[in-house]
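Examining the three-dimensional arrangement
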Amino acid sequence: MDRPTDPYTSPYHAVIAGYGASVPEKILTNQDLAQMVDTTDEWITTRTGIKTRHISTENETTAMFATQAAKKAMQIAKIKPGEIEMIIVATITPEMVFPSTASFVQRAIGAKNAWVFDLSAACSGFVYALSIVQQFIETGRMKNALVIGAETLTKITNFKDRSSCILFGDGAGAVVIQNARDNRRGIIYSTHYSEGDRWEALNCQAYGSRYPADKKLEDPDKIYMDIKGREVYQQAIRRIVETVNECLDKCGLTMDDIKMVISHQMNARIIESAAKRLNITEEKAFLNISEYGNTSAASIPIALDECARTGKIERGDIILLVAFGAGLTWGANVIEF
Ligand SMILES: CC(C)(COP(=O)(O)OP(=O)(O)OC[C@H]1O[C@@H](n2cnc3c(N)ncnc32)[C@H](O)[C@@H]1OP(=O)(O)O)[C@@H](O)C(=O)NCCC(=O)NCCS
């Protein structure tokens, strides 16, 4: 099909040249969780759509999954480590406070010519990072970049809190973004928003300057994620609907033009409710949360990898990535794959 209205007129296009994902082998089922907290498989399935999640062992870290996903993406893109100019790892569960998780990925893959950093925008991290890379490519400043979403959320999950511990899983997904003078492919449009006033809806307060390691926590549970599930639920649906409508409008597209909407996998009910309001058919609203749970910044690239590997999306298809998460943050990318 013809390329839709492109709000940017650069001759360079930020094309997805490779994709990959890596998740821990260890699986935690709803039945396992029912042994740990007062819950049931039936409650978790009907309220969230989650059946299992992949969880890291003590020795498995965020950079390990990020590196494995990156290597797979580079293999598909047929790119050498020395050709990569930028690595962004979107994460809220980094390898350590500093240096960045991206530094460990750079070292592991030998991308000696890259400048690298982490991006903290929670579940929106991957769509934010894609947009940053898009700017450098469209201005002609860069040819090849790695964008990775990687998390080990179960390391900051309170497995005594039944309302949150059922939700999260670990893993990483990556894409190689390449500069192409190809009119028919690439990132068409990106949009992003933040609302710091609602930071309390989703947070993890330890490990930063507010609660440094030598200050005793008045509430020991502050070392874990805290979520106001109801508030997040309502805001997520509202913002996803607004953002998808904006994307269609700005790009001169209708839902008929979109092959797949790949939403951040936060709760199947949130995705289904938003899809219903947007008239997105079941086959166009991608869901894999039943296997992985919510993997925050990793969830969209893990889903993208699955869609590409299984032929659900093919070269030339227009896809829409949309995310919502802590900050609050939200955003989307429209991409001709
Ligand atoms: C967390 C979430 C699944 C809860 O579902 P919900 O339908 O909103 O449920 P509620 O929070 O209203 O709780 C309803 C009842 O179920 C109970 N409940 C909560 N977790 C439970 C569990 N795992 N098993 C059984 N009962 C549970 C609650 O205690 C409450 O009981 P009460 O009515 O006696 O007080 C849902 O709100 C959600 O997915 N929110 C967004 C999650 C999020 O923040 N994700 C990360 C950012 S993208």
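The coordinates are above.
Quick summary incoming for the structure in this document. On a predicted model such as this, the values are computed, not experimentally measured, just so you know. The numbering scheme is per chain: residues are counted from 1 as the chain's sequence reads. Where totals are concerned, whole chains, interfaces and linings use all residues; where local detail is concerned, this predicted model gives features only for residues with pLDDT of at least 70, and gives and counts side-chain atom pairs only at 80 or more. The side-chain values count all of the structure's non-hydrogen atoms but skip hydrogen atoms and water molecules.

Considering the overall build of the protein
When you go through the protein residue by residue, the secondary structure sums to ten helices and 13 strands. On the principal axes, the C-alpha backbone points of the protein span a range of 55 × 45 × 35 Å. Each residue is assigned to one of three classes by its accessible area relative to the maximum for its type, calculated with a 1.4 Å probe on protein chains only: buried under 20%, partly exposed between the two thresholds, exposed over 50%. Counting all 337 residues of the protein, 57% fall into the buried class. Within the protein, residue pairs in contact and separated by at least 24 positions form 77% of the contacts whose partners lie at least 6 positions apart. To measure how exposed things are, a 1.4 Å probe is used in the Shrake-Rupley method; for residues, cover is taken only from the protein chains shown. Carbon and sulfur atoms provide 49% of the accessible area of the protein, an area that totals close to 14,900 Å². Working convention for charge: Lys and Arg count positive, Asp and Glu count negative, and His plus the chain ends are omitted. The atom standing in for a charge is NZ when the residue is Lys, CZ when it is Arg, CG when it is Asp and CD when it is Glu. Separation of charge centres in the protein, based on 37 positive and 41 negative side chains, amounts to 2 Å. Per the convention used, a helix needs a DSSP run of H or I reaching at least four residues, while a strand needs a run of E reaching at least two, with both numbered from the N terminus. Should any heavy atoms of two residues lie within 4.5 Å, those residues are considered in contact.

A word on helix 8 (residues 268-277)
Those residues of helix 8 that sit buried are Ala 268, Ile 270, Ile 271, Ala 274 and Ala 275. Seen from one end, helix 8 has its buried residues packed into an arc of 165 degrees, which puts them on one side. Away from the buried face of helix 8 by more than 90 degrees, exposed residues Lys 276 and Arg 277 are located. If you follow the buried residues of helix 8, they end up packed against helix 2 (41-48), helix 7 (229-251), strand 11 (260-263) and helix 9 (289-292). The arc under discussion is defined with respect to the helix axis, by the directions toward the C-beta atoms.

As for the side chain of Thr 52
Along the chain, Thr 52 falls in strand 3 (residues 52-54). When its relative accessible area of 19% is taken as the criterion, Thr 52 is described as buried. Counted as a polar contact is a pair of N or O atoms within 3.5 Å, where, for protein atoms, one must be capable of donating a hydrogen and the other of accepting one, and residues adjacent in sequence contribute only when both atoms are in side chains. At 2.8 Å, the side chain of Thr 52 and the backbone oxygen of Glu 291 are in polar contact. What Thr 52 contacts, discounting residues up to four positions off in sequence, is Ile 27, Leu 28, Thr 29, Ile 289, Ser 290, Glu 291, Tyr 292 and Gly 293.

Focus: the site of the ligand
Only a single heavy atom is needed: when it lies within 4 Å of a molecule or strand, its residue is near that molecule or strand. The ligand sits among 22 residues. The nearest are Thr 39, Arg 47, Arg 162, Arg 230 and Asn 267. Between the ligand and the protein, one listed contact pairs a nitrogen atom with a side-chain N or O atom of Trp 43 at 3.4 Å. Contact between the ligand and Arg 162: a nitrogen atom at 2.9 Å from a main-chain N or O atom of the residue. For the ligand, whose free accessible area comes to 970 Å², the fraction covered by protein is 75%.

A few points about the sheet that holds strand 11
By definition, two strands form a pair when at least two bridges between them are found by DSSP. In spatial order, the strands read 8-13-12-11; together these four strands make up an open sheet with mixed pairing. Taken across any chain shown, the strands that pair with only one partner, and hence form the sheet edges, are strand 8 (186-194) and strand 11. Sheet twist, expressed as the mean angle between neighbouring strand axes with direction ignored, is 15 degrees. Taken together, the eight bridges between strand 12 (residues 318-325) and strand 13 (residues 329-336) define a ladder with antiparallel strand orientation. Paired with Leu 320 across the two strands is Val 334, which belongs to strand 13. Relative to the sheet, helix 5 (residues 125-138) contacts strand 8, strand 12 and strand 13, its axis offset from that of strand 8 by approximately 130 degrees. Axis lines are fitted through C-alpha atoms, for helices just across the contact stretch, and the angle between N-to-C directions can take any value from 0 to 180 degrees. Sheet strands in contact with helix 10 (residues 299-309) are strand 11 and strand 12, and its direction is about 150 degrees off that of strand 11.

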